[in-house]
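Structure assessment
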Amino acid sequence: QVQLVESGGGLVQAGGSLRLSCAVSVRTFSNYGMGWFRQAPGKEREFVAAISRSGGNTNYADSVKGRFTISRDNVKNTVYLQMNSLKPEDTAVYYCAARLLAVPAVLAGQYNYWGQGTQVTVSS
């Protein structure tokens, strides 16, 4: 059983920063590649960032490249998403996801487990 719990969302002004955390309850966290996705009202869920099991490989959506950083702590069983220079178009519910393969994946269907999501709202 794999459980994911996101935290750190909230309301921030444009240009501000937030750090999302995703705590993962699983026996061997380092077996799982991790990803962040987001879904805005009326839109499909979209890929944000992904990280390999070791943390050595990462992948980002073009829309967040240079502003967001994904990282993980395999001792704390936690994956993070540092979000800087936030824009109103970043407003969405952010989800973390886990998969049992190493390579960072960009498709939601490639992930096996999902958290409940955390709301991020960026005001202009």
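Below: a short report on this structure. Keep in mind that this is a model prediction, so the values were computed, not measured.

Calculation criteria
- Residues numbered from 1 in each chain as written.
- Predicted model: local features only at pLDDT ≥ 70, side-chain atom pairs only at ≥ 80, totals over all residues.
- Heavy atoms only, no water.
- Pairing = 2+ DSSP bridges.
- Helix = DSSP H or I, 4+ residues; strand = E, 2+ residues; numbered from the N terminus.
- Axes fitted to C-alpha atoms, helices over the stretch in contact; angles between N-to-C directions.
- Disulfide = S-S within 2.5 Å.
- Buried < 20%, exposed > 50% of the residue type's maximum accessible area, 1.4 Å probe, protein only.
- Polar contact = N/O pair within 3.5 Å; in protein donor to acceptor, adjacent residues only side chain to side chain.
- Contact = heavy atoms within 4.5 Å.
- Core = buried A, V, L, I, M, F, W, Y, C linked by side-chain atoms within 4.5 Å.
- Phe/Tyr/Trp six-rings, centres within 6.5 Å; stacked < 30°, edge-to-face > 60°.
- Lys NZ or Arg CZ within 6 Å of the ring centre and 35° of its normal.

A few points about the sheet that holds strand E3 (residues 18-25)
Strand order in the open sheet made by the four strands is E1-E3-E8-E7, with antiparallel pairing throughout. At either end of the open sheet lies a strand with only one pairing partner, and these are strand E1 (3-7) and strand E7 (68-73). Each adjacent strand pair in this sheet contributes to an overall mean axis angle of 15 degrees, direction not counted.

A closer look at the state of the cysteines
In protein chemistry, a disulfide is the covalent bond that joins the sulfur atoms of two cysteines. Overall, the coordinates contain one disulfide when judged by the stated rule. The residue that forms a disulfide with Cys 22 is Cys 96, at a sulfur-sulfur distance of 1.9 Å. One disulfide, between Cys 22 and Cys 96, carries an S-S torsion of 45 degrees and so falls in the right-handed class. Here Cys 22 is found in strand E3, whereas its partner Cys 96 is found in strand E9 (residues 92-99), with 74 residues between them in sequence. Here Cys 22 matches Cys 96 in class, with each residue buried.

A word on the side chain of Thr 78
Summarising the element assignment, Thr 78 is placed in strand E8 (residues 78-83). A distance of 2.9 Å separates the side chain of Thr 78 from the backbone oxygen of Lys 76, its partner in a polar contact. With residues up to four places along the chain from it excluded, the contact list for Thr 78 reads Ser 21, Cys 22, Ala 23, Phe 29, Ser 71, Arg 72 and Asp 73.

Let's talk about the environment of Ser 124
The residue Ser 124 is located in the segment after strand E11 (118-123) in this model. Among the residues examined, Ser 124 registers a relative accessible area of 87% and is labelled exposed. Sequence separation between Ser 124 and Gly 15 is 109 residues, and the spatial gap between their C-alpha atoms is 8.9 Å. Not counting chain neighbours up to four residues away, the residues in contact with Ser 124 comprise Ala 14 and Pro 88.

Looking at the nonpolar core
By size, the foremost hydrophobic cluster in this structure holds 37 residues, and its most contacted members are Met 34, Trp 36, Leu 81, Met 83 and Tyr 94. Among the elements of the structure, E3, strand E4 (33-39), strand E5 (46-51), E7, E8, E9 and E11 are those that each provide at least two residues to this core.

Some words on the packing of aromatic side chains
Under the counting rule described, the total for this entry stands at five aromatic pairs. In this structure an aromatic cluster arises from ring pairing among Phe 37, Phe 47, Tyr 111 and Trp 114. The residue whose ring lies beneath Arg 72 is Phe 29, and the NZ or CZ to ring-centre distance is 4.3 Å. Here Arg 99 stacks its cationic end above the ring of Tyr 111, 5.9 Å away from the centre of that ring.

Regarding unusual backbone geometry
Positive phi, close to 55 degrees, is recorded for Asn 77, a residue that is not glycine. With respect to the secondary-structure elements, Asn 77 resides in the loop between E7 and E8. Phi at Ser 85 takes a positive value of approximately 50 degrees, unusual for a residue other than glycine. In this structure, Ser 85 sits in the loop between E8 and E9. On the accessibility criterion, Ser 85 (42% relative accessible area) is partly exposed.

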